[in-house]
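Coordinate inspection notes
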Amino acid sequence: MSDRALAVVRAGALTTVQDLGRPGYAHLGVPRSGALDPPAAALVNRLVGNPPEAAVLETTLNGCALRPRSAVTVAVGGAPCPVTVDGRPAPWGAPFRVPACALLDIGHARAGVRGYVAVAGGVAVEPVLGSRSTDLLSGLGPAPLADGTVLPLGQPFGPHARVDVAAQPAPPAELVLRVTPGPRDDWFTAAAVRTFLTRAYRVSSASNRIGLRTEGPVLERARPGELPSEGMVLGAVQVPPDGSPVVFLADHPTTGGYPVIAVVRPEDLPAAAQAVPGTPVRFVGVRRR
Amino acid sequence: MRALPVGDRALLVELPSGAEAEALHAELLRRRAAGDLIVGEIVPAARTVLLDGLADPSRWAARLASWDIPPAAPRTEAAVEIPVRYDGPDLPDVAAHWGVPVDEVARIHAAAEFRVAFCGFAPGFGYLTGLPARYDVPRRATPRTGVPAGSVALAGPYTGVYPRSSPGGWQLIGTTDAVLWDHTRVPAALLAPGAQVRFVPLGAEAEFVPLRAESEIPLGAEKTTGPEAPSAPAGTT
């Protein structure tokens, strides 16, 4: 392998390669995948001079540590966290240079869940169906990083952005998700729909890239029986038999048989990706646009 | 037909039957190919078709209602043939549900002509219809934690083939070496919605050729082992 590569020293809890995902294959059962917080991934790409489709690393809670084989330009964003190069503080939310064979450490998130690490040139693993994203539901794309993994890097695209620090939204202290009702709100009692739209839920620790699971008042169905499998969209709030709403995120299954009570506006999903377990959640009904 | 809005950018079109969902799916693909319909995803399912990534879902809801949709035409391309060994551990349970001897399951299943109604669960997993309704079987009460790749399985009105090993609750009736999903292949999925499928029992040729050669075999014996099952009319859903 050429020296345009990154060696993984500490993979962290769950670090995956992500880009814009692989939309267009849902009819074959292929999830869209892609970065859970797309604005954060886009920002770190912009900071290092990458185009939006370049692949970045998505970390989960405790970051990761990497050793580039040649000098590279890097930017870290998403969940705020300490960043060091060979033990010395490095910027968060701004591009910086990492010398060849130096140790880049992305520390534990101070707030939020998912960190994004862009390297000039992008992570250049082999694409699968046009995307380099790791899809944890169906196992497409590269495996999650492991200690010792070596990732190839592409050639830098151009100069990095000239910024001191880029503004990024803070991870939410309370997650407010705007929802439009349906398509299966009629599968729930009127009281359950009211409960869903007025009561407080909490982010469950069982959340992952497939779905944001919540804990809170159980939603009672108005009718028994099974819904035949039907197509699912990003942001669908599915209610399984245990009555606790699950918000579908990037690696969600393309079809499912539990009723969808409402759909979260896509622009509210990046915040959902950054909500730590225990964060209060409110579902707020909004008019369809 | 009922078109339900899904968020701001999608429409879930619900139809009275699986056959009508297949017909609408075929019509949507035709219109997308002709450039009349701009949409991110067209996802057929049991009795619905999801249109995701529409600029104006409510306008499309009104338009769909006015369409005159012809029944899905039989595909002109040849059926995908899946070689199968009918050796699954659930053959006895399936035979009991069907009320037939165990060795009849393979004959009935292999005689049916299947169609991929929709995909889901895993990349390359097709929900195949084609067995008459009297052969519906329930899912297993306790799902298996590991079903091997290539398992041919039944649940409800559907037949499916597991593209990779995974947990699963379907009744296992056989195994195939066919590769259902290979992302390095074009197309990656062996089965896409709308495709016609036949299951070909492995070793069938070897079994049937000598039978035909030996004229002494009583007619009745040939009938019970022959590939055509009168009880499973072709193409029935």
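Residues numbered from 1 in each chain as written. Chains lettered and ligands numbered in written order. Predicted model: local features only at pLDDT ≥ 70, side-chain atom pairs only at ≥ 80, totals over all residues. Heavy atoms only, no water.

Turning our eyes to something else, we now look at the overall build of chain A. Within chain A one finds three helices and 20 strands. For chain A, the C-alpha radius of gyration of 20 Å lies close to 19 Å, the compact-globule estimate for 289 residues. With the C-alpha coordinates aligned to their principal axes, the bounding extent of chain A is approximately 60 × 35 × 35 Å. Sorting the 289 residues of chain A into buried and exposed places 55% on the buried side. Across chain A, the fraction of contacts at a sequence separation of at least 24, relative to all contacts at a separation of at least 6, is 78%. Looking at chain A as shown, the accessible area adds up to about 11,300 Å², and 56% of this sits on carbon and sulfur atoms. Averaging the positions of the 27 positive and the 22 negative side-chain charges in chain A gives two centres separated by 4 Å. (Helix = DSSP H or I, 4+ residues; strand = E, 2+ residues; numbered from the N terminus. Rg over C-alpha atoms; globule rule 2.2 N^0.38 Å. Buried < 20%, exposed > 50% of the residue type's maximum accessible area, 1.4 Å probe, protein only. Contact = heavy atoms within 4.5 Å. Areas by Shrake-Rupley, 256 points an atom, 1.4 Å probe, with all protein chains shown as cover. Lys, Arg positive; Asp, Glu negative; His and termini not counted. Charge placed at Lys NZ, Arg CZ, Asp CG, Glu CD.)

This part is about the overall build of chain B. Along its length, chain B carries six helices and 13 strands. Expressed as a percentage of the 237 residues in chain B, the buried residues total 48%. When contacts within chain B are restricted to residue pairs at least 6 apart in sequence, long-range pairs at least 24 apart make up 60% of them. Surface exposure of chain B reaches about 11,100 Å², of which carbon and sulfur atoms provide 57%.

Glancing now at the side chain of histidine 109 of chain B. All names here are of chain B. With respect to the element layout, histidine 109 can be found in helix α4 (residues 102-111). A residue is classified by how much of its surface remains accessible, and histidine 109, at 0% relative accessible area, is buried. Among the polar contacts listed, one links the side chain of histidine 109 to the side chain of threonine 159, at a separation of 3.0 Å. With near-sequence residues (within four places) excluded, histidine 109 lies in contact with Tyr86, Phe114, Leu131, Val152, Leu154, Thr159, Ile173 and Phe199. (Polar contact = N/O pair within 3.5 Å; in protein donor to acceptor, adjacent residues only side chain to side chain.)

Every α-helix winds through 3.6 residues per turn, so residues three or four apart in the chain are directed the same way. All names here are of chain B. Buried within helix α3 (residues 91-98) we find Leu91, Val94, Ala95 and Trp98. In an axial view of α3, the angular spread of the buried residues amounts to 100°, which keeps them on one side of the axis. After α3 finishes, the residue glycine 99 shows a positive phi value of roughly 70°. (Arc of directions from axis to C-beta.)

Per the stated rule, a full pass over the model turns up five cavities of 30 Å³ or more. When its volume is computed, the largest cavity comes out at roughly 70 Å³. Around the largest cavity, the lining residues are Ala26, Val30, Pro31, Arg32, Met232, His252 and Thr254 of chain A together with Glu41, Val43, Leu50 and Asp52 of chain B. Taken together, the residues of the lining of the largest cavity break down into six nonpolar, two polar and three charged. Empty space within the second largest cavity amounts to approximately 50 Å³. Lining the second largest cavity, in full, are Pro183, Glu230, Gly231, Met232, Val233, Ala236, Val260 and Val263 of chain A together with Val6, Leu12 and Leu50 of chain B. Taken together, the elements giving at least two residues each to the lining of the second largest cavity come down to β15 (230-231) and β19 (260-264) of chain A. Split into classes, the residues belonging to the lining of the second largest cavity amount to nine nonpolar, one polar and one charged. (1 Å grid on protein atoms, 1.4 Å probe; cavity = no way out; pocket = protein on both sides within 12 Å on 5 of 7 lines; lining within 4 Å. Points joined across faces, edges and corners; volume = space filled by probe spheres on them. Nonpolar A, V, L, I, M, F, W, Y, C, P; charged D, E, K, R; others polar.)

Let us look at the sheet that holds strand β2 (residues 16-18) of chain A. Note on sheets: strands pair through backbone hydrogen bonds, and any given pair is parallel or antiparallel. All names here are of chain A. Strand order in the open sheet made by the five strands is β2-β3-β10-β5-β8, with antiparallel pairing throughout. A single partner strand is all that each edge strand has here, and the edge strands are β2 and β8 (96-98). Direction aside, neighbouring strands of the sheet carry axes that sit 35° apart on average. (Pairing = 2+ DSSP bridges. Axes fitted to C-alpha atoms, helices over the stretch in contact; angles between N-to-C directions.)

Moving on: the interface of chain B and chain A. Opposite the 35 residues of chain B that make contact, chain A presents 31 residues. Ranking the residues of chain B by area buried against chain A places Asp8, Glu41 and Pro123 of chain B at the top, with a combined share of 21%. Counting the contacts that link chain B with chain A gives four salt bridges. Counting the contacts that link chain B with chain A gives eleven residue pairs in polar contact (both at pLDDT 80 or more). (Buried area = accessible area lost by both parts, 1.4 Å probe. Salt bridge = Lys/Arg side-chain N within 4 Å of Asp/Glu carboxyl O.)

Turning our attention to the pairing of strand β4 (residues 64-68) of chain A. In the case of a regular strand, side chains alternate between the two sheet surfaces. All names here are of chain A. Among the five residues in β4, four count as buried, and that is most of the element. The pairing of strand β1 (residues 5-10) with β4 spans four bridges and is classified as antiparallel. By the bridge assignment for β4, leucine 6 is matched with proline 68. Sheet topology note: the β4/strand β9 (residues 104-106) ladder contains three bridges and is antiparallel. Across the sheet, the residue bridging to leucine 66 is leucine 104, located in β9.

Here we take up the nonpolar core. In a soluble, globular protein the nonpolar side chains are often hidden away together inside. Grouped together as the largest cluster of nonpolar side chains are 40 residues, with contacts concentrated most on Leu177, Val247 and Phe283 of chain A. Secondary structure elements with two or more residues in this core: α1 (38-47), β10 (114-119), β12 (175-181), α2 (190-198), β13 (201-203), β19, α3 (269-273) and β20 (280-285) of chain A. Residue contributions to this core peak at five residues, all from α1 of chain A. Leaving out residues up to four positions away in the same chain, leucine 177 of chain A has contacts with Leu212, Val247, Val264, Asp268, Ala272, Val281, Arg282, Phe283 and Val284 of chain A. If you look at the next biggest cluster of nonpolar residues, it comprises 29 residues, including Ala95, Val137, Leu191 and Ala195 of chain B. (Core = buried A, V, L, I, M, F, W, Y, C linked by side-chain atoms within 4.5 Å.)

Turning our eyes to something else, we now look at the packing of α3 of chain B against α4 of chain B. Think of two packed helices as two axes; the pair is described by the angle between the axes and how far apart they sit. All names here are of chain B. Remark: α3 packs on α4, axes separated minimally by 8 Å, with the N-to-C direction vectors making an angle of 80°. Taken together, α3 and α4 sit at an angle that is classed as roughly perpendicular. Here Leu91, Pro92, Val94, Ala95 and Trp98 of α3 lie close against α4, whose contacting residues are Val102, Val105 and Ile108. Its residues assigned to classes, the contact of α3 with α4 shows eight nonpolar, no polar and no charged. (Parallel < 35°, antiparallel > 145°, perpendicular 65-115°, else oblique.)

Residue and element names in this part refer to chain B. One can read the domain layout of chain B as domain 1 (2-66) and domain 2 (80-201). Between domain 1 and domain 2, the C-alpha centre-to-centre distance is 27 Å. Between domain 1 and domain 2, the residue contacts involve five residues of the former and six residues of the latter. With both sides pooled, the region where domain 1 packs onto domain 2 buries about 480 Å², and carbon together with sulfur makes up 56% of that total. At the surface where domain 1 touches domain 2, the tally comes to one salt bridge. A salt bridge links glutamate 22 to arginine 115; the nearest nitrogen and oxygen atoms lie 2.4 Å apart. On the surface where domain 1 and domain 2 come into contact, there are one residue pair in polar contact (both at pLDDT 80 or more). When grouped by side-chain class, the residues that make up the side of domain 1 that touches domain 2 number three nonpolar, one polar and one charged. (Domains from an automatic or database assignment.)

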